[in-house]
Amino acid sequence: MKLHDSIPFSFNEVPVDEMCRRAHAFADLMHTRRTVRFFSDRPVPRQIIDECLRAAASAPSGANRQPWHFVVVSDQVVKHRIRDAAEAEEREFYQRRAPERWLEALAPLGTDADKPFLEVAPWLIAVFYKAYEFTPAGEKVNTYYPHESTGIACGMLITALHHAGLVTLTHTPSPMGFLNEILQRPANERPYLLIPVGYPAEDATVPCISRKPLAQVVSYF
Ligand code: IYR
């Protein structure tokens, strides 16, 4: 394989005091992000979703294979099918599959098998990672670090949506193979995350929980 051509990197240096201000403001903004489970059905213009996906699709990835695919759902019939399938799996999870300890960990969050947000939120973004892919000529090629790459892209997507002024839920029905069937994705694509996006319900609440202090999650040498 031939080495890529190199082009000059265009870097816009920011003065240190301005960097400090930006870093502080951004951390403040990110600390206002909450996972929301109660959505309004108010419409959200598609252009905003498109732009946030454009940000997500700029994520770094193993060997630049960009091993992700985003399916954006607004169709009410498709959302209803996703809700039905997800709730069937979740009932199994909560009633049978989940180990007692896992249920104990979830109990304070009050989650259950009811997932109305899958129909109420104006947009659902189903994120798939590609375990492998095909060249336009049909040749099978590997992807590298597909989970990590897609996880980073999801982080950027959630960040972009929050920055834009919307709320999200990082939802992981388990297992979620039904997404391939409903959303007609090929076998090389594996469901990774289902993200309802929209405005919060007017009476939305969130659990009163906090983030670990920085000293507990960061060390310096
Ligand atoms: N997927 C289930 C259970 C669940 C699991 C974890 I880990 C959570 O942080 C929250 C929920 C559900 O969505 O209810």
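Reading the values: the criteria
- Residues numbered from 1 in each chain as written.
- Predicted model: local features only at pLDDT ≥ 70, side-chain atom pairs only at ≥ 80, totals over all residues.
- Heavy atoms only, no water.
- Near = heavy atom within 4 Å.
- Polar contact = N/O pair within 3.5 Å; in protein donor to acceptor, adjacent residues only side chain to side chain.
- Areas by Shrake-Rupley, 256 points an atom, 1.4 Å probe, with all protein chains shown as cover.
- 1 Å grid on protein atoms, 1.4 Å probe; cavity = no way out; pocket = protein on both sides within 12 Å on 5 of 7 lines; lining within 4 Å.
- Sits in = over half its atoms within 2 Å of the grid points.
- Helix = DSSP H or I, 4+ residues; strand = E, 2+ residues; numbered from the N terminus.
- Pairing = 2+ DSSP bridges.
- Contact = heavy atoms within 4.5 Å.
- Axes fitted to C-alpha atoms, helices over the stretch in contact; angles between N-to-C directions.
- Buried < 20%, exposed > 50% of the residue type's maximum accessible area, 1.4 Å probe, protein only.

Chemist: So what exactly am I meant to see when it comes to the site of the ligand here?
Modeler: Taken together, Arg37, Glu90, Phe93, Tyr94, Trp102, Leu106, Asp112, Lys115, His171 and Thr172 are the residues near the ligand. At 2.9 Å, a side-chain N or O of Glu90 approaches an oxygen atom of the ligand. When the free accessible area of the ligand is taken as 370 Å², the share hidden by the protein chains comes to 74%. At a threshold of 2 Å from the grid points, most atoms of the ligand map onto the largest pocket. Contributing elements (two or more residues each) for the shell around the ligand: helix H3 (76-97) and helix H4 (100-106). Per element, the largest residue contribution to the shell around the ligand is three residues, and it comes from H3.

Chemist: Help me understand the sheet that holds strand S2 (residues 123-130), please; the structure alone is not making it clear to me.
Modeler: Pairing between the strands of a sheet is mediated by backbone hydrogen bonds and can be parallel or antiparallel. Taken in spatial order, the four strands line up as S1-S2-S6-S5 in an open sheet, and their pairing is antiparallel. The sheet is open, and its two borders are formed by strand S1 (68-73) and strand S5 (167-168), each paired with just one other strand. Relative to strand S6 (residues 189-198), S2 runs antiparallel, the two sharing eight bridges. Of the residues in S6, the one forming a bridge with Lys130 is Glu189. Along the sheet, H3 makes contact with S1, S2 and S6, crossing S1 at roughly 115°.

Chemist: Sorry, what's going on with the side chain of Thr143 here?
Modeler: With respect to the secondary-structure elements, Thr143 resides in the loop between strand S4 (140-142) and helix H6 (146-164). With a relative accessible area of 9%, Thr143 lands in the buried category. Separated by 2.8 Å, the side chain of Thr143 and the backbone oxygen of Lys130 make a polar contact. A polar atom in the side chain of Thr143 sits 3.1 Å from the backbone oxygen of Ala131.

Purely geometric numbers; function is a separate question.
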